[in-house]
Structures are given as structure tokens and as C-alpha cells.
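One-letter residues, chain by chain:
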Amino acid sequence: MNARTRRLTTAQALVRFLSAQYTERDGVRRRLIAGTWGIFGHGNVAGVGQALVEAGEDVMPFHQGRNEQSMVHAAVGYARQLNRLSAQAVTTSIGPGATNLVTGAALATINRLPVLLLPGDYFASHAPDPLLQQLEHPVEADVSVNDTLRPVSRYFDRITRPEALIPSALQAMRVLADPAETGAVTLALPQDVQAEAYDWPEEFFAERVWYVRRPAPDPVELAAAVEAIRSAGRPLIVAGGGVHHSEAEEALKALVEATGIPVASTQAGKGSLRHDHPADLGGIGHTGTAVSDDLARTADLVIGVGTRYTDFTTASGTLFQNPEVRFLNLNITGFDAHKLAARTLVCDAKSGLEKLLEALSGHRVGQEYEAEYRSGKDRWDEVVEAAYRADDENAVPTQTQVLGALDAAVGDDDVVINAAGSLPGDLHKLWRSRSPRQYHLEYGYSCMGYEIPAGIGVQQAAPCTPVWALVGDGTYLMMPTEIVTAVQEGLPVNIVLIQNHGYASIGGLSQETGGERFGTAYRFRAADGTFTGDPLPVDLAANAASLGMDVRRAKTVRELREALAAARASDRPTCVYVETDPAPTAPPAEAWWDVPVAETASRAAAVEARERYDRQVAGRRRHL
């Protein structure tokens, strides 16, 4: 090796390169790739695995996972907690290890959250062909199972020669650090290339800082936006996840307090304002609050800040019903800013909100409008209190009473994580967010199994913060394996495990759409062959204990409160297990969601459901 090169394997060079990458925003510098998750097999053990052990923990911290999908979820939870400014890598073998990454990659890209995927691949030389777990394609010899990651990655490359890593690794870092492009990034690594040596230029390993830009709005777009806001009588801000990613909460608060414009939040944007702020109206859309959805129906200007406008937010195109409604979208990406034929402010959320505040000096909405939404907020607060209230401390709690007990137990900076089932709807309507990071809902992909590994990632990013993963029995059974990781690493993640004997959320949707709850209960088969017998005799609390958690069973509201308090005070991973009263106590949906119903059917339930569907779908609008 001469002074200008260093002889390393491709895997060793990649690990050294990753250890020298940083992001910087507002003068704060972080490692871009702060650690690597891995499960080793023949496709990565002698390459990336050897490189990690040779580099050592100081160069690249390593985290041992139990499931490849859940390792991605943990990395995503980590990146979200740190506002996308720091990420983690995930290495797997070839074959099922690699394809297990696909769900996690889709979740990351849909939610615009960075994760670096390093799956092993077939031999670039094709010397052993086919090798163990290789997919053979009759007309495309360069295809491997890793190609399933192409559509769910924001950048993909297969490194078939050592020197090809240099431009590809730089592109990978650029995408990961760019808030307008970020998501899953995949570098597929043929196992022979991983172990192949090359004389790498020393410059490749130099410290490199990727500055995370805060682009300001274009002056012409800004002037048009200010004119639209000044001329609106009933403006409504829809806060999305971009508010959090940009750390724009204080800028939003300043704008709202100066103008009186109210704020409704998507799942990703909830907590943009503290719940008790006079202008915070809570969630919007199908799982939104009555006050948010009532204002959305009559708004003449909807100001989206960092939102993708999913169907839950727009109530499948039925929510914004004012004939004169127009949209103004502030977003870091032009792709999202142009949705709903909106006026656009393509810029960073924080810089854009600050410029709006400056340009709107002296402007404020009418007093009647403020009085209207504040009155609606007060009425909804009463709904929340009623849902949380437990008049009998010795009764079996309902699901909303579980949330009420948790609300009383957590501190302002605790993080509450959820992704799927009936809990997202209840949380969006009812949870009282007290800080920007407290409400952590993955609802871009709504992936069952996300919560526990994501809790580990959040705990890694915020070691002193109490973390709560809320899961139903259906979600728990999907992916409990990372409990072992939490125990191994001494991460005091708390799991609130709610037993309701099946897919309760989908059961309700099935009932509404004519499916008659078919196949949604966890029960024995009855004599007629349906799953309507006795509940299955599973003991999920015992399962959690067998994986190493401290488990506290709660049968009543009082026991639940005691168990939650004990879990928060513990320094060990703790599971609070509670079987809930199935009686529905959550307020009903305030807006529609489009799930198509059979157009023709012989069963009465489906016929009636179709009649309801036809009435609802008639309200859909195309905003052009």
C-alpha cells in the first residue's frame, strides 16, 4: 500500500467509508450512519461480517437482530426520532434474509425515512452457478431476489466490481441525507465482491459532511401564498410529518399565534402543536376529530404543511366540500406540493413558515372564526374526557380507558408508538400530545409488527426517554422477536399488550363492508366451520415473559394504572398485559373512508353495505 491508497476488501472499505459520513443542519453535526443491524448468513458473514469485526465497535457499532424486517423497522424508528438526520444500516445474507427486507424498505420509502440496506447477492463472477438460495431466471441472468427491492428503494445499485462502490456509495449518502429524496437505499453486495481486495484512494475515507438544506420559498410563490391567505375567510392548516422532520414546530406555533389560523394534524403531523394550544384541533380526516372535520368541510383555503394528503386525510376525497375551497401546499418536494391542484411553496417547512409569518405581519382571521373553532375544540375535549373516564376502578378496562390510563402515566417527553389495528384511529382522535416526538404513529404503511422493533430504535436514539410500544394481540403475534434484542441490549422499552382475541379493527371494517367479520377472530372453529368458537387458549403474557421481559398482568382499571406506573419506573424491558372489554367506547368516525364494497351479492349484509357505499361515494370531489 502506498501513501495515497489503502488495500482493503470491498466490505472493509464500505464500513470505513460509512463511519466517516456526517450530516449537518443548523450547525449540529451527527453521524449519518450511526450503526449497523445484522443477521449473518453465507451471503454476508465473510464479507460485511468480517469487515465489522475488523473495524470494531468504535468505528461501526453493531446491533444483533432476530428478523430482517424488524431490523429495518428499528432503523426507521431510530431515524424518525432523530428527524432523519441520522440513520442506520441493515446487512443480511442472500435469499430469504434479503427478501425479508422488502416490507421494511417499503415502509421507510413511503414514510420518507432513511435506511441503508446492504443485502448479500449472488457471485458477480458466476463461478458457482447456481449457488445456495440463488434465483434463476431463464432470460435475465443478472436478476436476483434483491431486484424486489428496486421499486421500494429511492436508490438501488448492485456492486459488481470493487471500484464501482465509490460512485455508488456517494450517491447513496446523497439520497439518504436529502430530505426531498430520502427513503430506503439499497446497495446489493455480491458475496465474492464483498471479500475482494482493492487499492482504495485515501480520499474515499476522508470525513465528509452532507449539509441538510433549508431551501427558502421562491419570492413569486411566497407572494401568491400570502395573497391567498390574506383573502381567505376560513383558512385551515393541515400539519403533516414534514413539520416534525424540519423541526418547524416553533415556527408553526409562531405563525398560528400571530394569525389565529387553526391547525389540524395528520397521523404523522400530530403533536406539531401541543394538544392544549387553543388552535390545535387534533387529527383530521377519517380518524379525525369533529371540530377538525367540520372546519375542513367549510374551509375556503387548506394550507398543507409537509403532508402527502393520503386518503385518510382527505376522507377519500370527500372531506373538503366548500365549493370555493383552494389549496396551498408548503412542502420540501414538488411532487407533494402540487397535489390537489394547489398553489405551491416548495421549500423547507421551517424556513417557509418563518417567511410566511414575516410576510403576513398584521393579518389575523376573524374573531367569529376563532370563537367557532375554540368552541368546537372545547366540545371535543369533553368527548376525550368521557372516553378516558373509568367510573369503576375495579372494572375491566375498555381500549379507550387503556389510553386514558396511559395518558395519566406518561410524562411530557415519553414516546408512544403504534402502527396498525384499531389503536391508530383511537389515538388520532383522542391522544393528547404534549411534545413534538411523543406521538409516533407509522401510518404511511400501517405495518403490523412495526411497534416493538421501532421502540428499540427510538430507545437507541433517546436512551433516557421512556418508550411505549402499543400493540394488539394480532400485531404482537406478527413480530415479537425483537423483545430478545431489547433484553440483550438492556433497553427498557415498555410494551402495552392489549388482548382482544383477533383482528378487531379489520373485523369492524369487515362488518361495515359486508364481510360479516369473516376470518378476523382468533377463535376455534365452530360446528359450521366458521371461526366463532371459544377464544384460543394462547397466553401472550407468558410468551413475552419467555422472551425475557418483565410482565405485569392487569385485569382492572386500578391494576392497569399500577402496572403502567411500575413499567415507567423500571429500568428493564417491561410488558403490561391487559385484556379489554370489547364494548366500543371510541367516538365514531367523523368522515368517510373508501373501501369498495361488492357491487353484486346474494347476502343481505353485503347488499346493505353496497347501498351505504353508493351514498357515500357520491360525495367524492376531484380538486382541479
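Here, residues in each chain are numbered from 1, in the same order as that chain's written sequence. Local features in this predicted model are restricted to residues whose pLDDT is 70 or higher, and side-chain atom pairs enter the listing and the counts only when it is 80 or higher, whereas totals over whole chains, interfaces and linings include all residues. Here the side-chain values reflect all heavy atoms present in the structure, with hydrogen atoms and water set aside.

Participant: Please explain the environment of Leu 509 as it appears in this structure.
Facilitator: Secondary-structure assignment places Leu 509 in helix α21 (residues 504-512). Residues Leu 509 and Val 595, spaced 86 residues apart in sequence, show a C-alpha to C-alpha distance of 8.7 Å. What makes two residues a contact is simply this: any of their non-hydrogen atoms within 4.5 Å. Look past the residues within four positions of Leu 509 in its chain and what remains in contact with it is Trp 593 and Val 595. Elements are defined by DSSP. Helices are runs of H or I of four residues or more, strands are runs of E of two residues or more, and each kind is numbered from the N terminus.

Participant: Explain the pattern of salt bridges to me, please; I cannot follow it from the model alone.
Facilitator: For side chains of opposite charge, pairing can occur when their charged atoms come near one another. Salt bridges are defined by distance alone: a side-chain nitrogen of Lys or Arg within 4 Å of a carboxyl oxygen of Asp or Glu. Taken as a whole and judged by the stated rule, the model has 35 salt bridges. Asp 412 serves as the salt-bridge partner of Arg 434, at 3.6 Å between the closest nitrogen and oxygen. Of this pair, Arg 434 sits in the loop between α17 (423-430) and β19 (439-441) while Asp 412 sits in the loop between α16 (399-409) and β18 (415-418); the two residues are 22 residues apart in sequence, bridging distant segments of the chain. With its nearest N and O atoms 2.4 Å apart, the salt bridge here joins Asp 594 to Arg 620. With Asp 594 in the loop between β23 (574-579) and α24 (604-617) and Arg 620 in the segment after α24, this residue pair connects regions lying 26 residues apart in the sequence. Residue burial is assigned from relative accessible area. The probe radius is 1.4 Å, only protein chains are included, and a residue is buried under 20% of its type maximum, exposed over 50%, and partly exposed in between. Judged by its relative accessible area of 17%, Asp 594 is buried. Within this structure, Arg 274, Asp 276, Glu 385, Asp 407, Asp 412, Arg 432 and Arg 434 form a network of salt bridges that share partners.

Participant: Just to check I follow, could you spell out the environment of Leu 32 for this structure?
Facilitator: In this structure, Leu 32 sits in the loop between β3 (28-31) and β4 (33-38). Looking at Leu 32, the relative accessible area reads 1%, which means it is buried. Taking the C-alpha atoms as reference points, Leu 32 and Ala 251, separated by 219 residues in sequence, lie 26 Å from one another. Excluding its chain neighbours within four sequence positions, the residues that come into contact with Leu 32 are Gln 21, Tyr 22, Thr 23, Ser 86, Ala 87, Met 173, Leu 176 and Trp 210.

Participant: How should I be thinking about helix α2 (residues 45-55) in this particular structure?
Facilitator: Note: α-helices contain 3.6 residues per turn, so residues at a spacing of three or four share the same orientation. Regarding α2, the residues found buried are Gly 47, Val 48, Gly 49, Ala 51, Leu 52 and Ala 55. One side of α2 carries all its buried residues, which in axial view fall inside an arc of 170 degrees. Structural note: α2 exposes Ala 46 and Val 53 on the side pointing more than 90 degrees away from its buried face. Contact partners of the buried residues in α2: α1 (10-19), β4, β5 (62-64), β6 (87-92), β9 (184-190) and α7 (191-195). Taken from the helix axis, the directions to the C-beta atoms give the arc we talk about.

Participant: So what exactly am I meant to see when it comes to the nonpolar core here?
Facilitator: One recurring pattern in soluble globular proteins is that nonpolar side chains are buried together. Only buried residues count toward a nonpolar core, which is a set of Ala, Val, Leu, Ile, Met, Phe, Trp, Tyr and Cys residues joined through side-chain atoms within 4.5 Å. Ile 237, Leu 252, Leu 356, Trp 468 and Leu 470 are the most contacted members of the largest nonpolar core, which has 78 residues in total. At 6 residues, helix α15 (residues 367-388) tops the list of elements feeding residues into this core. Filtering out sequence-adjacent residues up to four positions away, Ile 237 remains in contact with Leu 252, Leu 255, Val 256, Ile 261, Pro 262, Val 263, Ala 264, Ile 303 and Val 305. Formed by 35 residues, the second largest nonpolar core is a distinct cluster that contains Ala 55, Ile 159, Ala 169 and Leu 176.

Participant: Hey, could you run me through the packing of α16 against α17 in this one?
Facilitator: Axes, fitted as lines to C-alpha atoms, cover a helix only where it is in contact. Angles between the N-to-C directions of the axes lie from 0 to 180 degrees. Across the interface, α16 lies against α17 with an axial gap of 11 Å and an inter-helix angle of 55 degrees. Our classification of the angle between α16 and α17 gives oblique. Handedness of the α16/α17 crossing: right-handed. Between α16 and α17, the residues in contact are Gln 399, Thr 400 and Leu 403 and Leu 423, Asp 426, Leu 427 and Leu 430, respectively. Here the term charged refers only to Asp, Glu, Lys and Arg, the term nonpolar to Ala, Val, Leu, Ile, Met, Phe, Trp, Tyr, Cys and Pro, and the term polar to all other amino acids, Gly among them. Per-class residue counts for the contact of α16 with α17 are 4 nonpolar, 2 polar and 1 charged. Between 65 and 115 degrees an angle is taken as roughly perpendicular, under 35 as roughly parallel, over 145 as roughly antiparallel, and anywhere else as oblique. Handedness of a helix crossing follows the sense of rotation of the near helix relative to the far helix, less than a right angle counterclockwise being left-handed and clockwise being right-handed.

Participant: What is the right way to look at unusual backbone geometry in this model?
Facilitator: Note on backbone geometry: most residues besides glycine have negative phi, and most peptide bonds are trans. Here the bond from Asp 129 into Pro 130 is cis, since omega is 0 degrees, no more than 30 degrees from zero. The topology assignment puts Pro 130 in the loop between β7 (115-121) and β8 (155-158). Residues other than glycine seldom take positive phi values, yet Asn 83 does so here, at roughly 60 degrees. At Ser 316, a position not held by glycine, the phi torsion is positive, near 55 degrees. On the secondary structure map, Ser 316 appears in the loop between α12 (311-314) and β16 (326-331).

Participant: When you look at helix α6 (residues 165-177) in this model, what are you seeing that I'm missing?
Facilitator: To estimate how far a helix should extend, the number of its residues minus one is multiplied by 1.5 Å. Between its first and last C-alpha, α6 extends 18 Å over 13 residues, near the 18 Å set by a 1.5 Å rise per residue. Burial in α6 covers these residues: Leu 165, Ser 168, Ala 169, Ala 172, Met 173, Val 175, Leu 176 and Ala 177.

Participant: For this particular structure, what's the right way to read the side chain of Lys 270?
Facilitator: Within the fold, Lys 270 resides in the loop between β13 (263-265) and β14 (280-283). His is not counted, nor are the chain ends, whereas Lys and Arg count as positive and Asp and Glu as negative. We note that Lys 270 is buried and unpaired, the nearest opposite charge coming from Asp 280 at a distance of 5.9 Å. By the criterion applied in these results, polar contacts are pairs of N or O atoms within 3.5 Å in which, for protein atoms, one can donate a hydrogen and the other can accept it, and in which residues neighboring in sequence qualify only through two side-chain atoms. A distance of 3.0 Å separates a polar side-chain atom of Lys 270 from the backbone oxygen of Trp 431. Setting aside residues no more than four positions away along its own chain, Lys 270 makes contact with His 244, Ser 265, Gly 282, Gly 283, Leu 427, His 428, Trp 431, Ser 433 and Tyr 439.

Participant: Even after reading the chapter, I still don't get the sheet that holds strand β11 (residues 208-211), so can you show me in this structure?
Facilitator: Backbone-to-backbone hydrogen bonds join strands into a sheet, with any given pair of strands oriented parallel or antiparallel. A pair of strands is considered paired only if DSSP assigns at least 2 bridges between the two. Taking strand neighbours across the sheet as the criterion, the 3 strands line up as β3-β2-β11 in an open arrangement whose pairing is mixed. Among the strands making up the open sheet, the edge pair consists of β3 and β11. Averaged over all neighbouring strand pairs, the angle between strand axes comes to 30 degrees, with direction disregarded. Relative to β11, strand β2 (residues 21-25) runs parallel, the two being bridged by 4 bridges. Residue pairing across strands places Thr 23 opposite Trp 210, the latter belonging to β11. Packing against the sheet, α1 makes contact with β2 and β3, and its axis sits at approximately 20 degrees to β2. Packing of α6 onto the sheet brings it into contact with β2 and β11, and relative to β11 it is tilted by some 35 degrees.

Participant: Quick question: what am I supposed to make of the layout of surface pockets here?
Facilitator: The gaps of empty space that remain are located by a probe, the size of a water molecule, rolled over the atoms. Space inside the second largest pocket adds up to approximately 640 Å³. Contributing to the lining of the second largest pocket are 43 residues, with Gly 241, Ala 268, Gly 306, Thr 307 and Arg 308 lying nearest its centre. Among the elements of the structure, α9 (241-245), α12 and β16 are those that each provide at least two residues to the lining of the second largest pocket. In terms of residue class, the lining of the second largest pocket is built from 15 nonpolar, 18 polar and 10 charged. In the cavity and pocket records, a cavity denotes points on a 1 Å grid over the protein atoms alone where a 1.4 Å probe fits but cannot get out, a pocket denotes an open set with protein on both sides within 12 Å along at least 5 of 7 lines, and lining residues are residues with an atom within 4 Å of a point. Grid points are joined across faces, edges and corners, and a volume is the space filled by probe spheres set on the points.

Participant: Explain empty space enclosed by the protein to me, please; I cannot follow it from the model alone.
Facilitator: Applying the stated rule across the entire model yields 5 cavities of 30 Å³ or more. Taken as a whole, the largest cavity holds about 140 Å³ of empty space. Listing elements by their share of the lining of the largest cavity, those giving two or more residues are β14, α15 and α17. Broken down by element, the residue count for the lining of the largest cavity peaks at 4 residues, all from α15. When grouped by side-chain class, the residues that make up the lining of the largest cavity number 6 nonpolar, 3 polar and 6 charged. Within this model, the second largest cavity holds a volume of roughly 70 Å³. Arg 80, Gln 81, Asn 83, His 244, His 245, Pro 436, Arg 437, Tyr 439 and His 440 are the residues that line the second largest cavity. Taken together, the residues of the lining of the second largest cavity break down into 2 nonpolar, 5 polar and 2 charged.

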